[in-house]
Amino acid sequence: MIKQQGSRFFFNVDWISILIFMALCAVGFVNIYASVFNASESAAFSFTSSYGKQLIYILAGLVLGFSILLVDAKFFSVFSPIIYGITVLLLIAVLLIGTRVAGNQAWISIGGGFRLQPSEFAKFGTSLLLARYISNFNPKFRDIKSIATAAAIIGLPLTLILLQPDAGSALVFLAFMFPMYREGLSGYFLLIFLGMIVLFVADFLVPIQILIPIILAMGAFFVYQNKRKQKIMFSAILVTVVAIAYLFFVKLTYEKILKPHQRTRIELILGLKMDPKGVGYNVIQSKIAIGSGQLTGRGFLEGTQTKYGYVPAQSTDFIFSTIGEEWGFIGCSVVIGLYIFLLLRLINLAERQRSSFSRVYGYCVACILFFHVFINIGMAIGIVPVIGIPLPFISYGGSSLWSFTVLLFIFLKLDSNRMGFI
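What counts and how
Residues numbered from 1 in each chain as written. Predicted model: local features only at pLDDT ≥ 70, side-chain atom pairs only at ≥ 80, totals over all residues. Heavy atoms only, no water. Helix = DSSP H or I, 4+ residues; strand = E, 2+ residues; numbered from the N terminus. Buried < 20%, exposed > 50% of the residue type's maximum accessible area, 1.4 Å probe, protein only. Contact = heavy atoms within 4.5 Å. Areas by Shrake-Rupley, 256 points an atom, 1.4 Å probe, with all protein chains shown as cover. Salt bridge = Lys/Arg side-chain N within 4 Å of Asp/Glu carboxyl O. Polar contact = N/O pair within 3.5 Å; in protein donor to acceptor, adjacent residues only side chain to side chain. pLDDT = per-residue confidence, 0-100. Core = buried A, V, L, I, M, F, W, Y, C linked by side-chain atoms within 4.5 Å. Phe/Tyr/Trp six-rings, centres within 6.5 Å; stacked < 30°, edge-to-face > 60°. Lys NZ or Arg CZ within 6 Å of the ring centre and 35° of its normal.

Student: Even after reading the chapter, I still don't get the overall build of the chain, so can you show me in this structure?
Tutor: When helices and strands are tallied, the chain shows 18 helices and three strands. Here the chain, with 422 residues, has 48% of them falling under the buried criterion. Once local pairs closer than 6 in sequence are excluded, the contacts in the chain between residues at least 24 apart make up 71%. When the accessible surface of the chain is totalled, it reaches about 20400 Å², and 69% of it is carbon and sulfur.

Have a look at this one:
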């Protein structure tokens, strides 16, 4: 389904987004080089090193991205169920034959030292099928059937990822709530989601013997205030019961399901525990590195935290600490500015789409990228738990770079054909 489009093809493509993508890839390569730099081996460029492999991943990603721009835009809508099905099969395969790394069975070894992470590709597969469902059936998400269908599309890969177990990648799938909200999902669901977060935190900070009476008192007060409105009374009672049940579920999950290191990470963020030589070490060293960069940074290859390897996983999960130490506040601001500009650009492009499929997919892309950026940078500066997800286009890794590239370039292709794709 390759379509010859000539000069019109190049005119319609949003080159601003592509330039931001290339700038972020360049930032990634430079900082991966700095994070693994070894003065004794600096005389030779090695394609077997992390930065050498990343250069190959970037070049292959560019080829992949521009190849997507040559495909007929309708391909992604027509074949979205097949693409989704392939990503689900890969998630099942990783549970059966996957390679276990750092406690997670999330990779499939292909050979030559390369590992494929299906959870990364499941994001654009899910985005495509969700966009196909919304564009074909035009649900307003006011009834149980439409909400349940969308939840099933999102929930299947999410569940398979949780079984690996990879809580970080699974958490990103919550981003799909926002495209659904744009298409008519009630704001009450977002309030419920926010309430779940508040209750989750409160369950750790306030004893449950105190928390439950507070919830019961609030529920009773709301029922008393609306005793003549039966529907509101019933809703208040239901919310109260569900909230109390959720508290016990959180407690059970925390004590019986989460692993010790996962519990420790949550306790560190909430200030319930200090562990400077254990799980908290990564975050402490990352914050030291970022803080030491001050305004302008220590300079390229001059960061002591980076140079001497104080920050673990610095080319992947904590790549932002390299940016902070060597390029300072100004460098961090430039990188964050590029992300903000790209996200705003994608939302603007999504809103101008004539096709609901393209619009929904565009919002999925923007929300997934936002979640990754917010959580990854939040990990590096210690405001969210360390859950191990990459910084888009910057962190080391072929699977993440290629999946983000495919995610972005599919939307750029849909946007370039917006006048002819209804």
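Student: Teacher, can you tell me more about unusual backbone geometry here?
Tutor: Backbone phi values are negative for most residues with the exception of glycine, while trans is the configuration of most peptide bonds. Positive phi is not limited to glycine here, since Phe141 has a value of about 55 degrees. Structurally, Phe141 is set in the loop between α6 (118-137) and α7 (144-162). Unlike most non-glycine residues, Gln294 shows phi in positive territory, near 50 degrees.

Student: Explanation requested: the pattern of salt bridges in the structure shown.
Tutor: Pairing is possible between side chains that carry opposite charge, provided their charged atoms lie close to one another. Following the criterion strictly, the structure yields seven salt bridges and no others. A salt bridge links Asp14 to Arg345; the nearest nitrogen and oxygen atoms lie 2.4 Å apart. Residue Asp14 is found in the loop between α1 (6-12) and α2 (15-35), and its partner Arg345 is found in helix α16 (residues 319-351); the two are separated by 331 residues along the sequence. When its relative accessible area of 4% is taken as the criterion, Asp14 is described as buried. Three or more residues are tied together by salt bridges with common partners; here these are Arg182, Glu183, Glu351 and Arg359.

Student: Hey, could you run me through the environment of Lys413 in this one?
Tutor: With respect to the helices and strands, the residue Lys413 is situated in helix α18 (residues 398-416). In the structure, Lys413 is positioned 341 residues away from Asp72 in sequence and 8.3 Å away in space, judged by C-alpha atoms. In this structure the side chain of Lys413 is engaged in a polar contact, spanning 3.4 Å, whose partner is the backbone oxygen of Val71.

Student: So what exactly am I meant to see when it comes to the confidence of the model for the chain here?
Tutor: A low pLDDT means the predicted coordinates there should not be read in detail. Taken over all residues, the pLDDT of the chain has a mean of 84, while the share at 70 or more is 88%. Taking the mean pLDDT of every element in the chain, the minimum, 60, falls on α1 and the maximum, 95, on α16. A low-confidence stretch, residues 1-7 (pLDDT under 50), is modelled with 12 contacts involving residues beyond four sequence positions or located in other chains.

Student: Got a minute to help me understand the nonpolar core in this structure?
Tutor: The nonpolar side chains of soluble globular proteins are, as a tendency, buried together. Ranked by internal contacts, the top residues of the largest apolar core, which has 98 residues, are Phe124, Tyr361, Phe393 and Ile410. Once residues lying within four places of it in the same chain are set aside, the contact partners of Ile410 are Ile68, Phe76, Phe124, Leu128 and Tyr361. Among the nonpolar cores identified, the runner-up in size contains 14 residues, and Leu199, Ala243, Leu247 and Tyr254 belong to it.

Student: What am I meant to see in the packing of aromatic side chains here?
Tutor: Remark: the centre distance and the inter-plane angle together describe each pair of aromatic rings, the angle taken between the planes. Under the definition given, this model contains 18 aromatic pairs. Summarising the aromatic geometry, the rings of Tyr33 and Phe300 are spaced 6.1 Å apart at their centres and angled 25 degrees between planes, so their arrangement reads as stacked. Highlighted residues: Tyr33 in helix α2 and Phe300 in the loop between α14 (281-292) and α15 (304-307), separated in sequence by 267 residues. Judged by its relative accessible area of 36%, Phe300 is partly exposed. Between Phe370 and Phe371 the ring centres are 6.3 Å apart and the planes differ by 70 degrees, which places this aromatic pair in the edge-to-face class. Judged by its relative accessible area of 13%, Phe371 falls in the buried class. Ring-pair connections join several aromatic residues into one group, and the members of that group are Trp15, Phe21, Phe66, Phe393, Phe404 and Phe409. Taking the ring centre of Trp107 as reference, the NZ or CZ of Arg115 above it sits at 5.9 Å.

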